[in-house]
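Listed below, chain by chain, are the residues.
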Amino acid sequence: MKDELEELYKELNEVKACDLDYLPKYGYSSKEEIIQLIEVDIEALRAELECNQYDYTPDELEDERMLLCVSQGLPRYC
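Residues numbered from 1 in each chain as written. Predicted model: local features only at pLDDT ≥ 70, side-chain atom pairs only at ≥ 80, totals over all residues. Heavy atoms only, no water.

A. Just a nonpolar patch on the surface, in detail. On the surface, Met66, Val70 and Tyr77 cluster together into a nonpolar patch covering about 320 Å² of accessible area. Inspection of the secondary structure assignment puts Tyr77 in the segment after α3 (58-71). (Patch = residues over 30% accessible without salt bridge, like charges linked within 9 Å, V, L, I, M, F, W, Y side chains within 5 Å. Areas by Shrake-Rupley, 256 points an atom, 1.4 Å probe, with all protein chains shown as cover. Salt bridge = Lys/Arg side-chain N within 4 Å of Asp/Glu carboxyl O. Helix = DSSP H or I, 4+ residues; strand = E, 2+ residues; numbered from the N terminus.)

Okay, structure coming up:
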């Protein structure tokens, strides 16, 4: 995901540096529209990265629950 984010920033910088108002690479869409779309993609990916940073995967969560029960001498399953 971090690679995708880097690619989006790179693409954003390329679009901003372009002198044309309508970009042929993007179907002759306006430069401002492309910038907005890339920025939306960047924000969505950043939000997803932040969310993943704090969340456990299902396997990690199960391991944590198991360790908590074992450390307290409790059975994991009744």
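Continuing now.
B. Just the nonpolar core, in detail. In terms of nonpolar packing, the biggest core is built from 10 residues, these being Leu5, Leu8, Leu12, Val15, Leu23, Ile34, Ile35, Ile38, Ile42 and Leu45. Contributing elements (two or more residues each) for this core: α1 (2-17) and α2 (31-54). The residues contacting Val15, other than those within four sequence positions of it, are Leu23, Tyr26, Lys31, Ile34, Ile35 and Ile38. (Core = buried A, V, L, I, M, F, W, Y, C linked by side-chain atoms within 4.5 Å. Buried < 20%, exposed > 50% of the residue type's maximum accessible area, 1.4 Å probe, protein only. Contact = heavy atoms within 4.5 Å.)

C. Layout of unusual backbone geometry. Positioned with a positive phi, Tyr28 is a non-glycine residue whose angle comes to about 60°. By the element assignment, Tyr28 lies in the loop between β1 (22-23) and β2 (29-30). A residue is classified by how much of its surface remains accessible, and Tyr28, at 57% relative accessible area, is exposed.

D. Expanded view of α1. The first and last C-alpha atoms of α1 sit 23 Å apart over 16 residues, in line with the 22 Å expected at 1.5 Å per residue. Buried within α1 are the following residues: Leu5, Leu8, Leu12 and Val15. Angularly, the buried residues of α1 cover 85° about the axis, an arc narrow enough to put them on a single face. Across α1 from its buried face, at more than 90 degrees, point the exposed residues Lys2, Asp3, Glu6 and Ala17. (Expected span 1.5 Å × (residues − 1). Arc of directions from axis to C-beta.)

E. Seen up close, α3. Over its 14 residues, α3 extends 20 Å from the first C-alpha to the last, a length consistent with the 20 Å expected when each residue adds 1.5 Å. Taken from the residues just after α3, Gly73 is the one with a positive phi, measuring 75°.

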